[in-house]
Amino acid sequence: MHELAVAESVVSSVLERTGDRRVSVVRLSIGRLAGVVPDALSFCFELASGGTPLQGASLEISEAHGRARCRSCESDFDLDDPILLCDCGSADVLLLSGRELSVTSVEVA
Amino acid sequence: MCSTCGCGEGGARVSALDERGRTYDDHHDHDHGPGAGAHGHGSPVPPESGTRTHTLELEVAVLAKNDELAAANRSWLAARRITAVNLMSSPGAGKTTLLERTIQAATRSVSVVEGDQETLFDARRIRQAGARAVQVNTGAGCHLDAAMVARALARLGPDEDSVLFIENVGNLVCPALFDLGEKRKVVVVSVTEGDDKPLKYPHMFAAADVVVLNKTDLLPYVDFDTGRFTADARSLNRHVEVLPVSARTGANLEAWYEWLG
């Protein structure tokens, strides 16, 4: 349940920038390889935002595909699990993205 | 655990053990007043409907605060030439036994930050093995974070030119996500857990600098395919080294000591 700690970090990083202003929407981008479960995070966000200006805000999560590059056949491809394997059979794969976990924007009153 | 909000973070306790095994606690201030920032519990503010809102672009990394604290830990440790090793495993894989052996064989000063949800059991074992230790009890928390390690380091005061082990909470999931400021990450797996663990807990194995395969003295009694285990770990982490050892019998621990340097 590290999603609770992640939810607390979401709340604190938003509050640092929005202060006392009421926030109605928080938008997150989560890479598929970030190790965070969106449903669990949404549940924890309700708990973590309670009693703050974020209380009741809706959480909009966009999940980003991981991207990887095969060093053998030099192609780039999407990767949605951490198993580093290219369709060509090579495991010599460089992870380019997919571990992001960021607040992209918020709606403030 | 914080009794007001139920969060795991605020409830972490750091306990140091003196030479006689007595403990003294470091009480963590946990602000619940209004305006307390991220972790405040002021009056609830109901959302208003029908109010015009505007979009504020943020683009901030959610774990930026933890990562900043981890970076501060890392430079504090580097300035003192302290090699910090983050030990992670499921409960019962043998992290503490491995540490007891390592302390007894060590040529450099060793100190340990012990993470568990509750009890001082492990810090006591480390002290008995001859090293200094502080215990971090995370309460409901399932992992250590950089802030807990910073508090533990202040209490522990590790020697310069030493080795610091951070024994994370037994859990193959959450600790993978939190940078503590360590130099290297070690995953300990015991053969009794089964050879399917890398693919079941891929994030942990993807993050490891080395995998210690413990309890090899039990290999004759369990169905554990070391070849499959190693191949699966490397499908997640191409060059990761797998060190088969038995912390109980001492078999092949030389390879572990050599890896530590």
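It should be noted that the structure appears before, not after, this text.
What comes next is a walk through the structure. (Residues numbered from 1 in each chain as written. Chains lettered and ligands numbered in written order. Predicted model: local features only at pLDDT ≥ 70, side-chain atom pairs only at ≥ 80, totals over all residues. Heavy atoms only, no water.)

**Re the sheet that holds strand 2 (residues 58-64) of chain A**
Read from one edge to the other, the open sheet built from four strands follows the order 2(A)-1(A)-6(A)-3(B), with strand pairing classed as mixed. A single partner strand is all that each edge strand has here, and the edge strands are strand 2 of chain A together with strand 3 (54-61) of chain B. Averaged over all pairs of adjacent strands, the angle between their axes in this sheet comes to 20°, without regard to strand direction. Bridge count for strand 1 (residues 23-31) of chain A against strand 6 (residues 101-108) of chain A is seven bridges, and the pairing is antiparallel. Paired with A:V26 across the strands is A:V106, a residue of strand 6 of chain A. Relative to the sheet, helix 2 (residues 38-49) of chain A contacts strand 1 and strand 2 of chain A, its axis offset from that of strand 2 of chain A by approximately 160°. (Pairing = 2+ DSSP bridges. Helix = DSSP H or I, 4+ residues; strand = E, 2+ residues; numbered from the N terminus. Axes fitted to C-alpha atoms, helices over the stretch in contact; angles between N-to-C directions. Contact = heavy atoms within 4.5 Å.)

**Side note on the packing of helix 1 (residues 64-79) of chain B against helix 4 (residues 146-156) of chain B**
All names here are of chain B. It is the contact of helix 1 with helix 4, at a shortest axis distance of 8 Å, that shows an interaxial angle of 30°. In terms of their interaxial angle, helix 1 and helix 4 are classed as roughly parallel. When the axes of helix 1 and helix 4 are compared, the crossing they make is left-handed. Taken together, the residues of helix 4 that come into contact with helix 1 (itself represented by N66, L69, A70, N73, W76 and L77) are A146, A147, V149, A150 and L153. When the residues that make up the contact of helix 1 with helix 4 are grouped by side-chain class, the tally is nine nonpolar, two polar and no charged. (Parallel < 35°, antiparallel > 145°, perpendicular 65-115°, else oblique. Left-handed = near helix turned anticlockwise from the far one by under 90°. Nonpolar A, V, L, I, M, F, W, Y, C, P; charged D, E, K, R; others polar.)

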